[in-house]
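Breakdown of the fold
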Amino acid sequence: MPMFRLRPILFCLYLVSLPATASLKVVDYIVAVVNEDVIMSSELSQTVDQLRQQLSDRGSLPSNDVLRRQVLERLIVTRIQVQRARQGGLAIDDARLNAAMAEIAARNGMNLNQFAQALRREGIDYLQLREQVRDDMLVEQLRQREVNSRIAVSDEDVALLLEKQAGDQDDLEYRLSHILIALSADADAEDRAAAQAEAAEVVEKARAGANFADLAITHSDSPRALEGGDLGWRRGSELPTLFADPVPRMSPGEVSDPIPASGGLHIVKLDNLRGAERSAMVRETHARHILLKPNVLRNPQETREEAEALRDEISAGGDFAKLAREHSEDPGSANQGGDLGWQGPEVFQPEFQQALDVLEPGEISPVFQTPFGWHIAQVIERRERDRTEEIKRAQARSAIFRRKASEEYESWVRQLRDEAYVEYREAPDAG
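Residues numbered from 1 in each chain as written. Predicted model: local features only at pLDDT ≥ 70, side-chain atom pairs only at ≥ 80, totals over all residues. Heavy atoms only, no water.

1. Re the overall build of the protein
This is how it is decided: Only DSSP runs of H or I reaching four residues or more are called helices, and only runs of E reaching two or more are called strands; each is numbered from the N terminus. A 1.4 Å probe rolled over the protein chains alone gives each residue an accessible area, and that area as a share of the maximum for its type sets the label: buried under 20%, exposed over 50%, partly exposed in between. In this analysis, two residues are considered to be in contact whenever any of their non-hydrogen atoms come within 4.5 Å of each other. Exposure was quantified through the Shrake-Rupley algorithm and a 1.4 Å probe, taking into account, for residues, occlusion by the shown protein chains and nothing else.
A tally of helices and strands in the protein yields 13 helices and 11 strands. Taking all 431 residues of the protein together, the buried fraction comes to 45%. When contacts within the protein are restricted to residue pairs at least 6 apart in sequence, long-range pairs at least 24 apart make up 73% of them. Only carbon and sulfur atoms are counted for the fraction: they give 49% of the accessible area of the protein, which is about 22800 Å².

This is the structure in structure tokens:
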């Protein structure tokens, strides 16, 4: 058993696209041509091995042929998006990539050197993983530019959703899995009949107790196929439009009939159901502060000493607001005498919030440091406020955006795939 396994935080996309370094017993060959690029058998085989290792805890696994087919399609789709991103002038510089790699290492409880060594012990080339992370960042940047940037959520959309939610007796969240049997726009009657037969067979197997995730890996043409079709938890307002009608009527464990759509036939399983929180009481703090920043004329120690002198003056009866207007280097609050207004706990830097949390109303903090500089803070007053409606509006807007973006992304990916030149090559006899 390997000593190190990439944690889920590295996200499955890295693992299903990651070439390892194991030697091959056959001569390498091209398995697919993607526009002007190629995918080699070694890349596909090594990626399948990585995915099989990640799925080893599941027990039964699809056949190697099924995994190769799904992984190859994932590699093709990813390659097409990377090509489009680069053609569009998008790039991920080394500084951003280094920061991303450091974050991945930290989430695995290591520094970069330890992480690279652990990867080598698993037969994974760190430099290859690094380039895969760059590609995934490029794909995300492309998605932001070509999909997410086109999504608009109006106040009317939000109002309509909130009105609908107000009429619901239950505020529920749904854990869903999904299978797509894809159909191209020019599919003929024979293709449609074959897709309907396959969808009916999948539904029958799922209802008979077959593992839905295995069925998704084997049959689904969705981008989530290699994750077993898992769509995660979705509030009712976040359900894809196609599922908004059938899912609320389903019971946990139930599998839907095939749902026809322009892209094919969808099958959804309701894995679980839970109630969502209805109220959100938040403690808000009304505070003010003075900020001093080190600069070329004043080093950090001198900056702190000046802040200490200001605090002593305030403690001796000095006017906090007047001193803030004269000395604070926070452009957002200095003209208001350092007043930060009423704010919830999610607004400030953690270090600043922690300093506020220990103060009683009227109390002046010791001088403390955050990434912005040295601060003196005072809590003016506190209150408890029910932000349920405010949060509901924000959640509704976010839910509508995610739903629209998810639907648009799947359509966009299918269009990219249809427009690309993809040639599958016959595998030579490995004998």
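Let us keep going from here.
2. A closer look at the environment of serine 63
Along the chain, serine 63 turns up in the loop between α2 (41-54) and α3 (64-87). Relative accessible area serves as the criterion here: at 41%, serine 63 is assigned to the partly exposed category. For serine 63 and isoleucine 217, which are 154 residues apart along the polypeptide, the C-alpha to C-alpha distance reads 10.0 Å.

3. Looking at the pattern of salt bridges
When the charged atoms of two side chains with opposite charge come close together, those side chains can pair. Defined as follows: A pairing counts as a salt bridge when a side-chain nitrogen of Lys or Arg comes within 4 Å of a carboxyl oxygen of Asp or Glu.
This structure, assessed with the given rule, holds 30 salt bridges. When the shortest N-O distance is used, the salt bridge between glutamate 284 and arginine 385 registers 2.9 Å. Highlighted residues: glutamate 284 in strand β7 (residues 281-292) and arginine 385 in strand β10 (residues 373-386), separated in sequence by 101 residues. For arginine 304, the salt bridge goes to glutamate 308, with nearest N and O atoms at 3.7 Å. Within this pair, arginine 304 and its partner glutamate 308 are both found in helix α10 (residues 300-315), separated by four residues, close to a single helical turn. Its relative accessible area of 29% is what places glutamate 308 among the partly exposed residues.

4. Thoughts on the nonpolar core
Keep this limit in mind: Side-chain atoms within 4.5 Å are what join buried Ala, Val, Leu, Ile, Met, Phe, Trp, Tyr and Cys residues into a set we call a nonpolar core.
Ile39, Ile76, Met101, Phe115 and Val133 are the most contacted members of the largest nonpolar core, which totals 48 residues. Those elements that provide at least two residues to this core are β1 (30-34), α2, α3, α4 (94-107), α5 (112-121), α6 (126-146) and α13 (388-419). With 10 residues, α3 is the single largest residue contributor to this core. Counting residues in hydrophobic clusters, the runner-up holds 15 residues, among them Phe212, Leu215, Leu265 and Ile267.

5. Notes on the packing of α3 against α6
Axis angle and axis distance: for two packed helices, these are the angle between their axes and the distance between the axes, and together they describe the pair. For clarity, the cut-off: The axes are straight lines fitted to the C-alpha atoms, using for helices just the contacting stretch, and the angles between their N-to-C directions are given from 0 to 180°. Each angle is binned into one of four classes, with values under 35 degrees roughly parallel, values over 145 roughly antiparallel, values of 65 to 115 roughly perpendicular, and all other values oblique. Whether a crossing is left-handed or right-handed is set by the direction in which the near helix is turned from the far one by less than a right angle, anticlockwise for left-handed and clockwise for right-handed.
Put simply, α3 and α6 touch, their axes get as near as 9 Å, and they point 70° apart. The orientation of α3 relative to α6 falls into the category roughly perpendicular. Considering how the two elements wind past one another, α3 and α6 form a crossing that is left-handed. Each of Thr78, Gln81, Val82, Arg84, Ala85 and Arg86 in α3 lies in contact with α6, whose residues at this interface are Asp135, Leu138, Val139, Leu142 and Glu146.

6. Concerning the sheet that holds strand β2 (residues 37-40)
Note the threshold: At least two bridges found by DSSP between two strands is the condition for calling them paired.
Across the sheet, three strands lie side by side as β2-β1-β11; this open sheet has antiparallel pairing. For this open sheet the edge positions go to β2 and β11 (422-424), each flanked by a neighbour on one side alone. For this sheet, the mean inter-axis angle between neighbouring strands, taken without regard to orientation, is 20°. Across four bridges, the pairing between β1 and β2 is antiparallel. By the bridge assignment, valine 33 is partnered in β2 with valine 38. α2 contacts β1 and β2 of the sheet and is inclined by roughly 50° relative to β2. Strands β1, β2 and β11 of the sheet are contacted by α3, whose axis makes an angle of about 35° with β1.

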